[in-house]
Amino acid sequence: MSIKLSVLDQSPISEGQSAEEALTNTVELAKAVESWGYERFWVSEHHDSTSLAGSSPEVLLSYLAAKTDHIRLGSGGVMLPHYSPYKVAENFRVLEGLAPGRIDLGVGRAPGGMPRATIALNNGRYRNVDDYPTKVEELLQFLHDEIPQTHSLYGLKTSPLVKTSPDLWMLGSSSASALLAAQMGLPYNFALFINGEGGESFMRHYLNNFTPSKYLSKPRNMVAVFTVCAETDEEAERVASSIDLSMIMLEQGMESKGVPSPEMALKYPYTPYELARIKENRKRMVVGSPKTVKARLEQISEDYQTDEIMLVSIIYDFQDKLKSFQLVAEAVL
């Protein structure tokens, strides 16, 4: 099975770097991977973060649409419980009007930040995740101007009235998200980079329970995984040490000034517990030379029964990051 490659970029901020530089790097990466044959380029939503600059995917996507020519662009994702489905539909209708046939709307139910950010996004209230399925259904109705006659908003149009609609993707890292995507007949992207356990069974759950819908006649699935590639396995391990330490710092609530350098990571005095956590976290990562990475991606493609894999890279040096994506493209595409 041939594999299509895509990218999820979180606009990571390396230590000593500014948020402006991180956003500029995201734009440069999008242009580069487009030239290397990647299928799509998604950006994330994170709040109250000193290490990730991507807080507003809708705004960033509009800029990316102006800087690229043909690669699909999307959100990975919009954290729907925070927002009005009508406003989200309008935002992505505008994007679809600017880049017809190129826009993906990935939605998730995660908070995208710590509790104080959630409270700020919800006008001082805690968000209600229980109404997420209802919000997804409303979003579909607004995107396709399919509000039923029994609805109090019947007749409402989603502006602008463009000719095409963005593709709606369900994002998740659990069996619940997989089942919801299957029941609603929508594409599903499993976040292996978030959850390294049980993903294959969750994907089977999606594939086996998929119900065809007016939006999708058969299952359409993808997997997103942390990926670091370099000329040799040894060099890839050096580059990947940054994300190893980043994860340890995040898990333990350590203060972060951005993605640490490999030099800092290699000098860090890891405890036995932290070394065990690194080993566990590596289940969410593909690290190695082009040959090693290709073999691992082919195994993931087989295990998850998908022909598309989305790569996520947290790499300290932007040139190393560009090289990583180029080497994977040369090995796989």
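Residues numbered from 1 in each chain as written. Predicted model: local features only at pLDDT ≥ 70, side-chain atom pairs only at ≥ 80, totals over all residues. Heavy atoms only, no water.

(A) Focus on the overall build of the chain. From N to C terminus, the chain includes 12 helices and nine strands. For the chain, whose C-alpha radius of gyration is 20 Å, the value lies close to the compact-globule estimate of 20 Å for 333 residues. Along the longest, intermediate and shortest principal axes, the C-alpha atoms of the chain span 65 × 45 × 35 Å. Counting over 333 residues, the chain shows a buried share of 51%. Counting only contacts in the chain whose residues sit at least 6 apart along the sequence, the fraction spanning at least 24 positions is 74%. For the chain, the exposed area adds up to about 15,000 Å²; of that, 52% sits on carbon and sulfur atoms. Averaging the locations of the 32 positively and 42 negatively charged side chains of the chain gives two centres separated by 3 Å. (Helix = DSSP H or I, 4+ residues; strand = E, 2+ residues; numbered from the N terminus. Rg over C-alpha atoms; globule rule 2.2 N^0.38 Å. Buried < 20%, exposed > 50% of the residue type's maximum accessible area, 1.4 Å probe, protein only. Contact = heavy atoms within 4.5 Å. Areas by Shrake-Rupley, 256 points an atom, 1.4 Å probe, with all protein chains shown as cover. Lys, Arg positive; Asp, Glu negative; His and termini not counted. Charge placed at Lys NZ, Arg CZ, Asp CG, Glu CD.)

(B) Broad picture of the environment of S44. Mapped onto the fold, S44 is located in the loop between β2 (40-43) and α2 (57-67). Overall, the relative accessible area of 2% leaves S44 in the buried class. In this structure the C-alpha to C-alpha distance between S44 and I278, which are 234 residues apart in sequence, comes to 24 Å. Not counting residues within four places of it along the chain, the set of residues in contact with S44 comprises L8, D9, Q10, G54, S55, P57, G76 and G77. Within polar-contact distance, the side chain of S44 engages the side chain of H46 at 3.2 Å. (Polar contact = N/O pair within 3.5 Å; in protein donor to acceptor, adjacent residues only side chain to side chain.)

(C) Structural view of the pattern of salt bridges. Scanning the entire structure with this criterion turns up 21 salt bridges. A salt bridge links K214 to E146, with the shortest nitrogen-to-oxygen separation between them at 3.7 Å. Here E146 lies in the loop between α5 (132-143) and β5 (167-172) and K214 lies in the loop between α7 (199-209) and β7 (221-229), a separation of 68 residues in the sequence. The closest approach of N and O atoms between K323 and E231, which form a salt bridge, is 3.8 Å. In this pair, K323 is assigned in helix α12 (residues 318-332) and E231 in the loop between β7 and α8 (233-251), connecting sequence segments 92 residues apart. Taking the relative accessible area as the measure of exposure, E231 reaches 51% and is therefore exposed. The network of salt bridges with common partners includes R40, R72, D104, D167, R220 and E308. (Salt bridge = Lys/Arg side-chain N within 4 Å of Asp/Glu carboxyl O.)

(D) Focus on the pairing of strand β9 (residues 308-312). Buried residues dominate β9, accounting for five of its five residues. Judged by which residues are buried, β9 turns out to be covered on both faces: E308, M310 and V312 on one side and I309 and L311 on the other are all buried. With four bridges connecting them, β7 and β9 associate as parallel partners. Looking across to β9, one finds that V225 is bridged to L311. (Pairing = 2+ DSSP bridges.)

(E) Broad picture of the packing of aromatic side chains. All chains considered together, the criterion is met by nine aromatic pairs. On the numbers, 5.5 Å between centres and 35° between planes, the contact of Y188 with Y206 is tilted. One end of the pair, Y188, is in strand β6 (residues 188-191); the other, Y206, is in helix α7, and 18 residues separate them in sequence. Taken as a pair, Y188 and Y206 share a single burial class, namely buried. Here the aromatic residues Y188, Y206 and F210 are joined through ring pairs into a cluster of three or more. (Phe/Tyr/Trp six-rings, centres within 6.5 Å; stacked < 30°, edge-to-face > 60°.)

(F) Region of interest: the pairing of strand β1 (residues 4-9). Taking burial as the measure, the six residues of β1 include five buried ones, the bulk of the element. Taken together, the three bridges between β1 and β2 define a ladder with parallel strand orientation. Each residue of the ladder has a partner; that of L8, found in β2, is W42. With helix α1 (residues 19-35) bridging β1 and the parallel β2, this β-α-β connection has right-handed handedness. (Right-handed = clockwise from strand over helix to strand, strands pointing away.)

(G) Local environment of α1. Taking 1.5 Å as the rise per residue, α1 with 17 residues should run 24 Å; its terminal C-alpha atoms sit 25 Å apart, in good agreement. Those residues of α1 not exposed but buried are A22, N25, T26, V27, L29, A30, A32, V33 and E34. The inward-facing, buried residues of α1 contact β1, β2, α2 and α12. Note on α1: the residue one or two positions beyond its end, G37, has a positive phi of about 95°. (Expected span 1.5 Å × (residues − 1).)

(H) Seen up close, unusual backbone geometry. A cis amide bond links G76 to the next residue, G77, at an omega of 5°. Secondary-structure assignment places G77 in strand β3 (residues 72-79). For the bond from S159 to P160, the omega torsion is -5°, close enough to zero to count as cis. Mapped onto the elements of the fold, P160 is located in the loop between α5 and β5. Within the chain, S11 stands out as a residue other than glycine whose phi angle is a positive 50°. Relative accessible area serves as the criterion here: at 0%, S11 is assigned to the buried category. Notably, D145 is not glycine yet its phi reads approximately 50°, a positive angle. Here D145 is to be found in the loop between α5 and β5. Residue D145 is classed as partly exposed on the basis of its relative accessible area of 29%.

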